[in-house]
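The lines below spell out each chain.
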Amino acid sequence: MNVKIDKEGTIVILTGAGISRESGLDTFRCKDGIWSKVNLEDVATPEAFIRNPKMVQDFYNARRSQLMEDKPAPNSGHLALAKLEENWPGRVLIVTQNIDNLHEAAGSKNIIHMHGELLKVRCNHCGSLRHWEANLHVETECPDCAETGGLRPHVVWFGEVPLQMEEIYEALEDADLFMSIGTSGHVYPAAGFVQAVTQLGGCHTVELNLDPSEGATLFAETIYGPASEVVPAYVDQLLES
Ligand code: BV8
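The text that follows walks through the structure, step by step, so that each part is easy to find. All values derive from a computational prediction rather than experimental measurement.

### Here we look at the packing of aromatic side chains
In step 1: A complete count under the given rule lists seven aromatic pairs for this structure.
In step 2: For the pair Trp35 and Phe59, a centre-to-centre distance of 6.0 Å together with 20° between the ring planes defines the contact as stacked. Taken as a pair, Trp35 in the loop between helix 1 (18–21) and helix 2 (40–43) and Phe59 in helix 4 (residues 53–70) lie far apart in primary sequence, 24 residues in all.
In step 3: Residue Trp35 is classed as buried on the basis of its relative accessible area, which comes to 18%.
In step 4: Ring plane angle 45° and centroid distance 5.3 Å describe the contact between Phe49 and Trp157, whose orientation is recorded as tilted. On the criterion of sequence distance, the pair formed by Phe49 in helix 3 (residues 46–51) and Trp157 in the loop between strand 6 (151–155) and helix 7 (165–174) is long-range, its members being 108 residues apart.
In step 5: Judged by relative accessible area, Phe49 falls into the buried class, the value being 12%.
In step 6: Across from the ring centre of Trp157, 3.8 Å away, lies the NZ or CZ of Arg152, which sits over that ring.

### Overview of the sheet that holds strand 6
In step 1: Pairing is antiparallel in the open sheet, where three strands are placed in the order 5-4-6. Each end of this open sheet is capped by a strand with a single partner; those strands are strand 5 (129–131) and strand 6. Strand-to-strand twist of the sheet, defined as the mean angle between neighbouring strand axes without regard to direction, takes the value 40°.
In step 2: Of the strand pairs in this sheet, strand 4 (residues 116–123) and strand 6 are connected by four bridges, and their pairing is antiparallel. Of the residues in strand 6, the one forming a bridge with Gly116 is Val155.
In step 3: Contacting strand 4 and strand 6, helix 4 crosses the sheet at an angle of about 130° to strand 4.

The rules behind each value
Residues numbered from 1 in each chain as written. Predicted model: local features only at pLDDT ≥ 70, side-chain atom pairs only at ≥ 80, totals over all residues. Heavy atoms only, no water. Phe/Tyr/Trp six-rings, centres within 6.5 Å; stacked < 30°, edge-to-face > 60°. Helix = DSSP H or I, 4+ residues; strand = E, 2+ residues; numbered from the N terminus. Buried < 20%, exposed > 50% of the residue type's maximum accessible area, 1.4 Å probe, protein only. Lys NZ or Arg CZ within 6 Å of the ring centre and 35° of its normal. Pairing = 2+ DSSP bridges. Axes fitted to C-alpha atoms, helices over the stretch in contact; angles between N-to-C directions. Contact = heavy atoms within 4.5 Å.

Here you go:
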């Protein structure tokens, strides 16, 4: 780590599918990733949900069942971020693109799921939002309004507005350190956060990834290797600095 961060400083951490890979969850764009097995246009857009709701529900049912049945454990990358939040005097915010629950399972509290959460569903009819662990089907009745056909995963699809963007940009304005972990830098607006903090000035940026992301050259510092190794090492340097 080649910079000093004020101990009262704000740390904003963007995470992507790469941080969960060593917990056994697939990434999207790595070899054998999710998008090599299914077209995102068929399962991760509002148009797909209208065209073939069963295909979309089955896609998320399979991923929700994996969370519920395989019970993937947070790895040392997730745990290191929870330790940072616990021990850092300043503010630590995780902005995750992931819809799994591994940051929570590791003990992190200050989390924004900008692409939603796999274990939540919402009703298009009544707007209710609730924790959900079972499979979801087109004919599943909403427990709140009793309507069918309206329940959908609480997940942000392509073309939909990511969640809590105002809070995210406020945190980026306040950031003294921006860490990007396990993301290919392919999906916007998340991939644009590093430019946003760089334009604002006064924020150190570091990419911790298995290999260079599409935005690698935009970071002041880059460290490559598996998250389970590079993230704990970086967090220990921060806490010791
Ligand atoms: C929006 C659903 C308007 C949930 C997902 C410019 C500006 C704004 C928008 C756009 C733009 N250009 C294009 C767009 C539209 C679009 C977009 O970005 N398209 C892409 C294809 C170009 N964006 C949108 O539609 C977004 N909405 O823009 O609304 C707006 C804009 C601004 C402000 C307000 C409104 C909505 C995007 C959300 C789409 N939903 N998924 C789900 O099913 O999970 S995106 C999908 O990709 C996942 O959510 C995932 O989180 C996300 C990013 O993928 P990554 O997490 O990076 O995973 P990936 O596999 O790609 O990479 C893994 C990385 O890990 C690799 O680099 C690898 O090296 C590394 N790795 C692997 N193993 C390890 C590791 N690293 C460390 N350790 C390891 N062991």
